Amino acid sequence: MSVHDNELWVTLNDGTTLPAVGFGTYTLNGTQGVDDMVKAIHNGYRLLDSAFNYENEGAVGRAVAQCGVAREKLRVVSKLPGRHHAYDEAIATVEESLYRTGLDYFDLYLIHWPNPIQNHYVEAWRAMIEVQKRGLVRSIGVCNFLPEHLQRLIDETGVTPSINQIELHPYFPQAEQRAWDTAHGIVTESWSPLGRASAVLQNPTLKVIADRHGKSIPQIILRWHTQLGAIPIPKASSDARQIENLSLFDFTLTDDDMAKIATLARPDGRIADQDPARYEEF
């Protein structure tokens, strides 16, 4: 991965690019969702992260159409649900996702989770390779895959995912998974990068670091993600919060800051109330 200093874009292993910070659209639906996404684009976001299971691909497409920013300057992402891993179903699902958005292509399409009980994720990955060849998708990747799942994809298809989107925040830093991704040229993307507004936002260690830099705790956390080499995709509705979450590159966390944040990892750090819509298995 390389970050272009002037543009703050990340180059993936297939040569495509993503912004160093994206915008999450989970629960942004309907007219209000469109308004929030258009606002985000006007505030500088260029990556919209969606999913088939979020049931808002239509809103994403409408936001892209209404925002006034050229399509080629945006990066639109969606995800394949676990129940559609069969090869033909997977291809049809990508096509349906495009019909919902009204777009000609996705910049990135991800397998939402491996759904290991069903064990069709390699078949789904072959379908992702095919839709990429057809030009429906520019880049392909996965979400919530462990090293053994990723290794199997690579071994059986010869194609390495460009992205692995995982839960990642200071209480659940996933050091081993991040290291594996990096060693194999896979960029890690962070869902719920702020811990879904959990107690991490009141953490006293982060408060001290934030005060020293003259920044907010969310800005410290999001900058931590980018300095780890991960792409955070925070969600926000207000102008102020959207702008704040994107204003990360006028300061740098020190090695000491990063070391202190590393001590915040918790054995129970995963978000307990994970919504099954994120990677529904049926």
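Residues numbered from 1 in each chain as written. Predicted model: local features only at pLDDT ≥ 70, side-chain atom pairs only at ≥ 80, totals over all residues. Heavy atoms only, no water.

Undergrad: Quick rundown of the overall build of the protein? Include the residues and the values.
TA: Scanning the protein from terminus to terminus reveals 10 helices and 11 strands. Its C-alpha atoms give the protein principal-axis dimensions of about 55 × 40 × 35 Å. Residue burial in the protein is summarised as follows: out of 282 residues, 57% are buried. The contacts of the protein with a sequence gap of at least 6 include a subset with a gap of at least 24, amounting to 73%. Carbon and sulfur atoms make up 50% of the accessible area of the protein, which amounts to about 11900 Å² in all. Of the charged side chains in the protein, 26 are positive and 36 negative; the average position of the first set lies 4 Å away from that of the second. (Helix = DSSP H or I, 4+ residues; strand = E, 2+ residues; numbered from the N terminus. Buried < 20%, exposed > 50% of the residue type's maximum accessible area, 1.4 Å probe, protein only. Contact = heavy atoms within 4.5 Å. Areas by Shrake-Rupley, 256 points an atom, 1.4 Å probe, with all protein chains shown as cover. Lys, Arg positive; Asp, Glu negative; His and termini not counted. Charge placed at Lys NZ, Arg CZ, Asp CG, Glu CD.)

Undergrad: Requested: an account of the pattern of salt bridges, with residues and values cited.
TA: A side chain of one charge can pair with a side chain of the opposite charge when the charged atoms of the two come close. Under the criterion given, the structure shown has 12 salt bridges. Between Lys207 and Asp211 there is a salt bridge; the shortest N-O distance is 2.8 Å. You can see Lys207 and its partner Asp211 sitting in helix α7 (residues 204-213), 4 residues apart, about one turn around the helix. For the salt bridge of Arg212 with Asp257, the shortest nitrogen-to-oxygen distance reads 2.2 Å. (Salt bridge = Lys/Arg side-chain N within 4 Å of Asp/Glu carboxyl O.)

Undergrad: Could you give an account of the side chain of Thr101, naming the residues involved and the relevant values?
TA: Structurally, the position occupied by Thr101 is in helix α3 (residues 87-101). Exposure remark for Thr101: the relative accessible area of 7% places this residue in the buried category. Those residues in contact with Thr101, other than ones at most four positions away along the chain, are Glu57, Gly61 and Phe106.

Any functional reading would require information beyond the geometric quantities listed.
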